[in-house]
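For reference, the chains in residue letters:
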2 protein chains.
Amino acid sequence: MERERILIKNLHQYKNRQVRVCGWIEARRDHGKLIFFVIRDRSSQVQAVINAKNESAFSVAEKLKDEWVVCISGEVKERPEKMVKDEENGDIELSIDEIEILSSAKELPFEKDTQLNIETHLDHLPLTLRKREISLVFKLQSALLEGFRSALREDDFVEFASPSIVGGDAEGGAGVFKVEYFKDKTAYLATSPQLYKQILVGVFERVFATGKAFRAEKHATTRHLSEYTSLDFEMGFIKDHTDIMAQLQKVVKKMVENVWEKHGKELEEFEIDKPLVPEGNFPTMTMREAQELILKETGRDNTAEPDLEPEDERFLCKYSAEQFGSDFIFITHYPTSKRPFYTYRDEKNPEYTKSFDLLFRGVEIATGGQRVHDYDLLVEQIKEKNLDPGKFKFYLQAFRFGMPPHGGVGMGLERITAKLAGIKNVKEATLFPRDMTRIDLPLADN
Amino acid sequence: MERERILIKNLHQYKNRQVRVCGWIEARRDHGKLIFFVIRDRSSQVQAVINAKNESAFSVAEKLKDEWVVCISGEVKERPEKMVKDEENGDIELSIDEIEILSSAKELPFEKDTQLNIETHLDHLPLTLRKREISLVFKLQSALLEGFRSALREDDFVEFASPSIVGGDAEGGAGVFKVEYFKDKTAYLATSPQLYKQILVGVFERVFATGKAFRAEKHATTRHLSEYTSLDFEMGFIKDHTDIMAQLQKVVKKMVENVWEKHGKELEEFEIDKPLVPEGNFPTMTMREAQELILKETGRDNTAEPDLEPEDERFLCKYSAEQFGSDFIFITHYPTSKRPFYTYRDEKNPEYTKSFDLLFRGVEIATGGQRVHDYDLLVEQIKEKNLDPGKFKFYLQAFRFGMPPHGGVGMGLERITAKLAGIKNVKEATLFPRDMTRIDLPLADN
């Protein structure tokens with residue numbers, strides 16, 4: 001009977017014993033009568049060595065090249081002290097007895113260690129994603145998703161799948177993709193689950209979604225994606241926007257915890273630093289307070305601006321880390337003019353809203369606030385933004401038939417991933433990024 | 001200070017004590033100097049009563065109508081024995097001291113208990129979804145998602161967000177929606193994450209996704225949706241398709257368990273039966289064996305057909321329930337002619353594939369199998385299906401550069417939800433269904 005496969009991360013438990021591991025040839029180095037391999041599986045990697053004395057296995061070994069898929073039987077040996085390396089499984093080595101080839105690979109288009117430009121990297125994702133430090137980014141992303149959902153489920157939130165195909169470009173804002181629908185109708189790809197999650201506050205009080213949002217923005221930058229994963233929640237029976245901030249803080253802390261709990265060891269190996277997360281609350285200031293602080297601290301006077309500049313956001317994050325030991329900082333009360341029609345205005349000063357951004361390592365990663373729940377007021381605010389209430393009639397039913405005070409948050413998964421992993425270009429924090437020049441391959445090549 | 005809100009499901013713990021509950025007016029019944037209300041929150045519902053002697057609160061109570069949103073303070077009282085009803089919270093009643101109105105509601109377009117035809121139901125989803133037995137279907141759906149993911153995460157699967165916008169209609173099969181992309185390019189909405197999950201077996205070995213798939217099928221039936229949630233997983237280093245079946249069985253059992261663990265009480269209230277799940281393995285037979293069985297048991301001779309008929313699937317499920325105590329049954333070895341290009345053929349008889357369907361309560365709910373992992377063979381099978389390998393060049397890289405034996409499964413969340421909840425029309429197991437006649441509202445009205 002075939003021996004059971006052992007994951008490479010567990011080989012330490014099998015010193016001086018026979019094992020069978022399966023994976024890819026990560027590297028090969030010939031050394032006379034010895035051939036050294038690095039074998040990679042989903043869990044880790046390890047060095048394996050074969051001696052020419054084992055003729056049958058050696059003849060198989062001689063064929064192997066990078067990315068061939070194999071199962072290897074052999075003994076787990078401790079390396080002599082002078083051969084121990086400061087790397088994953090650097091103290092053990094697999095002494096090969098037998099090699100089974102599961103699949104061969106063609107010659108690679110470039111050396112594995114080559115620093116690729118981003119276009120070449122993206123052209124070859126089925127290969128380039130296999131690099132351990134790159135695949136780690138997406139394990140981290142998977143753990144973020146898990147942390148987001150479990151934090152919300154603990155608090156009674158119901159998950160829903162928000163529609164991607166929508167009937168109208170209701171908000172009339174950012175670029176939207178058109179879909180050829182049935183009966184010669186044009187449909188659109190949803191730019192956000194906003195209207196649906198509000199509708200569902202009327203049903204479940206508390207909901208979340210982790211689906212796709214689509215933006216047809218004609219910008220080829222390090223920040224723009226045609227589709228991204230939008231982490232959204234919405235909750236009813238709140239006092240005001242501060243209830244939403246408290247919920248978001250809890251969720252974000254849990255997301256970070258989950259990533260480091262699941263992948264702490266690999267993150268350390270690739271020198272990815274855990275963010276500064278305060279024991280207590282994230283620091284909070286209003287946008288106007290933030291502008292005053294910036295004026296005082298830097299002499300830069302943006303106090304008349306209706307929004308923060310990228311430079312301001314970077315300053316505030318740096319300030320927060322230094323002064324409050326927090327890589328996260330809330331900025332509240334953005335002007336009414338800069339926020340969507342459904343935003344709740346501050347009773348004390350209606351030029352400002354009960355809204356907030358959460359900044360992290362220099363950029364906004366989440367935006368949210370309280371929403372209007374009164375039907376008549378909502379219709380009025382739709383009109384004030386020069387939108388047509390008639391186009392919102394499905395959505396407005398939720399408000400005709402009784403809605404509690406509520407609010408919520410939206411955040412882009414890829415952006416948080418990038419910031420956590422220390423990646424500059426959000427496309428490298430997206431498995432298969434789409435933008436105005438590319439869908440898998442450059443558009444010209446599709 | 002305002003009293004903390006208590007969820008209605010927890011009121012039993014507060015007998016003879018003052019509480020504050022918040023929710024919607026589910027019903028009102030006037031009885032002289034008494035007004036009775038049913039109050040509904042996300043957790044449950046309860047009867048509340050106000051006496052005219054409490055003048056200030058009574059004058060508020062007189063205004064209240066269905067779906068108004070309120071917070072009510074009062075005392076939890078046990079009902080006299082003869083007033084106890086066999087229903088949720090039928091043994092207690094809230095004696096109202098004070099009522100706070102959070103939001104009013106316009107008059108409802110129909111009586112709540114009216115049996116609506118499906119079109120009227122769908123036209124008014126923001127209201128009709130609020131019905132407890134309807135919202136329960138989507139709580140069940142949320143728990144299915146949770147069960148699917150947690151079963152796979154336990155076994156080391158990495159979650160990924162599969163692209164919705166794709167560059168080509170590669171498989172050239174079922175109807176596909178066109179998207180107006182940048183540079184006058186036409187893009188398409190993905191009909192499945194199949195190619196991406198295979199690519200990622202080369203990266204993570206084991207992956208899953210729970211995103212949207214899109215089908216432009218011109219059928220207005222109880223089964224067709226323009227977009228649905230596709231539960232997909234894929235895993236490498238398998239022996240054959242039976243490893244995938246074992247994994248699927250484990251996942252499905254966990255999904256069912258999770259639903260009943262989280263919502264058992266409400267499911268019982270609405271008489272939704274837990275499926276028959278065997279202790280051991282789901283029964284399994286090949287498609288040809290199934291046809292022979294049908295011939296023997298019913299005299300219906302479909303043994304020359306290349307696929308099972310709907311009638312056959314219903315028979316097999318009934319048979320499985322009666323003979324094996326299982327509402328689930330695997331059918332394997334569908335003909336090569338009926339399966340996609342990437343399907344692995346049975347070495348012993350290449351006219352059949354190492355594929356399977358999982359049937360449940362009369363229909364197929366999941367389909368899967370082993371896939372081809374050899375590059376040359378895969379290219380050959382693409383050509384055999386009269387498809388163009390050039391259109392698969394991004395995907396094919398995964399196979400050029402070494403892929404292990406692998407396979408996986410896809411299942412439609414809405415269909416499983418419908419079958420579990422005893423719903424005939426899959427649109428009623430979809431929160432906001434889209435089909436050829438409707439996106440939220442009928443297409444003509446959008």
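Residues numbered from 1 in each chain as written. Chains lettered and ligands numbered in written order. Predicted model: local features only at pLDDT ≥ 70, side-chain atom pairs only at ≥ 80, totals over all residues. Heavy atoms only, no water.

### Some details on the relation of the copies chain B and chain A
Stage number 1. Rotating chain B by 180° and moving it 0.0 Å along the rotation axis overlays it on chain A with an RMSD of 0.0 Å. Such a combination of rotation and displacement between the chain copies is what one expects of a two-fold axis. Of the C-alpha atoms belonging to chain B, the one lying closest to the rotation axis is found on V179 of chain B, 2.3 Å away.
Stage number 2. Interface residue correspondence from chain B to chain A reaches 99%, placing this contact among same-surface, isologous pairings. (Least-squares fit on C-alpha atoms with pLDDT ≥ 70 in both. Contact = heavy atoms within 4.5 Å.)

### Quick look at the domain arrangement of chain A
Residues and elements named next belong to chain A.
Stage number 1. Here chain A is described as being made up of domain 1 (8–103) and domain 2 (130–430).
Stage number 2. The centre of domain 1, based on its C-alpha atoms, is set 46 Å off from the matching centre of domain 2.
Stage number 3. For the domain 1 and domain 2 pair, buried surface summed over both sides reaches about 540 Å², with 37% attributable to carbon and sulfur atoms.
Stage number 4. The interface formed by domain 1 and domain 2 contains two salt bridges.
Stage number 5. The partner of K265 in a salt bridge is E88, with the nearest N and O atoms 3.9 Å apart.
Stage number 6. In this assembly, domain 1 and domain 2 are joined by two residue pairs in polar contact (both at pLDDT 80 or more).
Stage number 7. Per-class residue counts for the side of domain 1 that touches domain 2 are one nonpolar, two polar and four charged. (Domains from an automatic or database assignment. Buried area = accessible area lost by both parts, 1.4 Å probe. Salt bridge = Lys/Arg side-chain N within 4 Å of Asp/Glu carboxyl O. Polar contact = N/O pair within 3.5 Å; in protein donor to acceptor, adjacent residues only side chain to side chain. Nonpolar A, V, L, I, M, F, W, Y, C, P; charged D, E, K, R; others polar.)

### Things to note about the pairing of strand β4 (residues 69–78) of chain A
Residue and element names in this part refer to chain A.
Stage number 1. Of all 10 residues in β4, seven are buried, a share of seventy percent or more.
Stage number 2. Bridge count for strand β1 (residues 18–31) against β4 is seven bridges, and the pairing is antiparallel. Bridging from a neighbouring strand, Q18 pairs with E75 of β4.
Stage number 3. Across 10 bridges, β4 lies against strand β5 (residues 92–103) in antiparallel orientation. Across the sheet, S73 pairs through a bridge with E98, a residue of β5. (Buried < 20%, exposed > 50% of the residue type's maximum accessible area, 1.4 Å probe, protein only. Helix = DSSP H or I, 4+ residues; strand = E, 2+ residues; numbered from the N terminus. Pairing = 2+ DSSP bridges.)

### Details of the pairing of strand β10 (residues 206–209) of chain B
All names here are of chain B.
Stage number 1. The alternating pattern of β10 places R206 and F208 on one face and V207 and A209 on the opposite face, and all of these are buried.
Stage number 2. Across two bridges, the pairing between strand β6 (residues 158–159) and β10 is parallel. Looking across to β10, one finds that V158 is bridged to V207.
Stage number 3. When β10 meets strand β12 (residues 227–236), the two strands line up antiparallel, connected through four bridges. If you follow F208 over to β12, its bridge partner there is F233.

### Here's the deal with the packing of aromatic side chains
Stage number 1. What the rule picks out here adds up to 38 aromatic pairs over all chains.
Stage number 2. Each ring, one from F330 of chain A and one from F356 of chain A, has its centre 5.5 Å from the other, and the planes form 85°; the classification is edge-to-face. Of this pair, F330 of chain A sits in strand β14 (residues 328–332) while F356 of chain A sits in strand β15 (residues 355–360), and the two are 26 residues apart along the sequence. Both residues of the pair, F330 of chain A and F356 of chain A, count as buried.
Stage number 3. Measuring from centroid to centroid gives 5.0 Å for Y395 of chain B and F399 of chain B, while their planes differ by 65°, and the two rings are edge-to-face. (Phe/Tyr/Trp six-rings, centres within 6.5 Å; stacked < 30°, edge-to-face > 60°.)

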